[in-house]
Number of protein chains: 2
Amino acid sequence: MERFVSSYTNKVDAKGRVSVPASFRSILARDGFDGVFCYPSLDSQTLDAGGSSLIDEIHALLEGLDPYSDERDELSLALFGESEILKIDQDGRVVLPPRLREHAGIADSAVFVGVGHKFQLWSPERFEARRMGARKRVVELKKLLRNAARGQTGAIGGAGT
Amino acid sequence: MERFVSSYTNKVDAKGRVSVPASFRSILARDGFDGVFCYPSLDSQTLDAGGSSLIDEIHALLEGLDPYSDERDELSLALFGESEILKIDQDGRVVLPPRLREHAGIADSAVFVGVGHKFQLWSPERFEARRMGARKRVVELKKLLRNAARGQTGAIGGAGT
DNA sequence: ATTGTTTCCATTGACGCCCATAAAATTCCA
DNA sequence: TGGAATTTTATGGGCGTCAATGGAAACAAT
């Protein structure tokens, strides 16, 4: 499966339009999906986005929960209820609805960040803060990771210093 | 698996292009990947790079973590969000995006250093500094190795020089 | 009519693609 | 084995295409 990688900062114009990075678009297209599935992230002030495989994943997650349980009701409401399927116009842009923009604090520019199977939309300021925090924590987590990755060749611990 | 060895210093031109050493290219090609997966190293001011096997390795590492955990989210952000898939043009060059160049302090030339399953990109100055530091540490490590390898043939501590 | 939304067009700048040159390595042959 | 011929590499530059972005025009809704 093709993965979303790298990050791109694009402008949001007065109409709320923003260009989806071309490389992300081609992954979505290969996924057989002519749009962007998008919802407010549950645990950060960002938007999660992806194609049909992301929808399937969330669907599968909900399937795993007890039918008619409160947890399942709440979660499906939180995920599918708040989500949107954004149309990609012929210039490769989507319109971000106000609700989504507010959740992520996105004003006049947005950062598209690939995280493998999906991507996220951040406000530049919040992304920068999150990025720095993540790097710091990851360095702390390295020991943990070495154990988790034992038997592998060590992509992270590597030959560094 | 074929391994990246040796080091090469190549020029970075005005467009940010740099030739990937031919021997590295052929390894990548054998890996079935006509690009370079590249991200800022977590623990030094260098870039880590490799082919699809490196991507798979990182992906597998993330898969091994708790789904929906903060650790996993942060790690995928720090790894996939900051990495790039650099295309190799028909002359065997890649363009280094500003973000990556800044992290490694690479200006008008870059050192490609093979470290087995992956390779690294250094600024010449920083590489030299690290190399000197590494030599010092190696001398210290040799004592450790002598003890650990007592009774073996001593490929490292050996009777050399 | 006014507001909001979608389609279409135009500009600009980056990137991919191609060619040219020069140095280095390799092959080939005497 | 020496040296010439050929192939591979590294590097610089030019040019066309495409992506990102701003704005206008067509369309829909209230």
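Residues numbered from 1 in each chain as written. Chains lettered and ligands numbered in written order. Predicted model: local features only at pLDDT ≥ 70, side-chain atom pairs only at ≥ 80, totals over all residues. Heavy atoms only, no water.

Engineer: Looking at this structure, I do not really get the protein's contact with DNA strand D. What am I missing?
Structural biologist: The environment of DNA strand D is made up of 23 residues, and the closest members are Lys15(A), Arg93(A), Lys15(B), Arg17(B) and Arg93(B). By atom count, sugar and phosphate contribute 46% of the portion of DNA strand D lying within 4 Å of the protein. Separating a base oxygen of DNA strand D from a side-chain N or O atom of Arg17(A) is a distance of 2.8 Å. The side chain of Arg25(A) places a nitrogen or oxygen atom 3.0 Å from a phosphate oxygen of DNA strand D. Counting only elements with at least two residues in the surface near DNA strand D, the list comes to strand 1 (7-11), strand 2 (17-19) and helix 1 (22-30) of chain A together with strand 1 (7-11), strand 2 (17-19) and helix 1 (22-30) of chain B. Residue composition of the surface near DNA strand D, by class: six nonpolar, four polar and 13 charged. (Near = heavy atom within 4 Å. Polar contact = N/O pair within 3.5 Å; in protein donor to acceptor, adjacent residues only side chain to side chain. Helix = DSSP H or I, 4+ residues; strand = E, 2+ residues; numbered from the N terminus. Nonpolar A, V, L, I, M, F, W, Y, C, P; charged D, E, K, R; others polar.)

Engineer: Please clarify how unusual backbone geometry should be interpreted in this entry.
Structural biologist: Only a minority of non-glycine residues have a phi that is not negative, and only a minority of peptide bonds are not trans. One non-glycine residue, Tyr68(A), lies in the positive phi region at around 65°. Along the chain, Tyr68(A) falls in the loop between helix 2 (52-63) and helix 3 (70-81).

Engineer: I'm lost on the packing of aromatic side chains in this one. Help?
Structural biologist: Any pair of aromatic rings gets described here by the distance separating the centres and the angle formed by the planes. All names here are of chain A. Applying the stated criterion to the full structure yields 16 aromatic pairs over all chains. Here Phe 37 and Tyr 39 contribute two aromatic rings whose centre-to-centre distance is 5.6 Å and whose plane-to-plane angle is 50°, an arrangement assigned as tilted. Looking at Phe 37, the relative accessible area reads 3%, which means it is buried. In this structure an aromatic cluster arises from ring pairing among Phe 4, Tyr 8, Phe 24, Phe 112 and Phe 119. (Phe/Tyr/Trp six-rings, centres within 6.5 Å; stacked < 30°, edge-to-face > 60°. Buried < 20%, exposed > 50% of the residue type's maximum accessible area, 1.4 Å probe, protein only.)

Engineer: Looking at this structure, I do not really get the interface of chain B and chain A. What am I missing?
Structural biologist: Contact residues are listed per partner, giving 41 residues for chain B and 36 residues for chain A. For the pairing of chain B and chain A, the buried interface totals around 3300 Å² over both sides, and the portion due to carbon and sulfur atoms is 55%. When the buried area of chain B at its contact with chain A is split by residue, Leu42(B), Glu74(B) and Leu77(B) rank highest and sum to 21% of it. On the surface where chain B and chain A come into contact, there are five salt bridges. Applying the counting criterion to the chain B and chain A interface returns 11 residue pairs in polar contact (both at pLDDT 80 or more). For the side of chain B that touches chain A, the secondary-structure elements that each account for two or more residues are strand 3 (35-40), helix 2 (52-63), helix 3 (70-79), strand 5 (84-87), helix 4 (98-104) and helix 5 (124-148) of chain B. (Contact = heavy atoms within 4.5 Å. Buried area = accessible area lost by both parts, 1.4 Å probe. Salt bridge = Lys/Arg side-chain N within 4 Å of Asp/Glu carboxyl O.)

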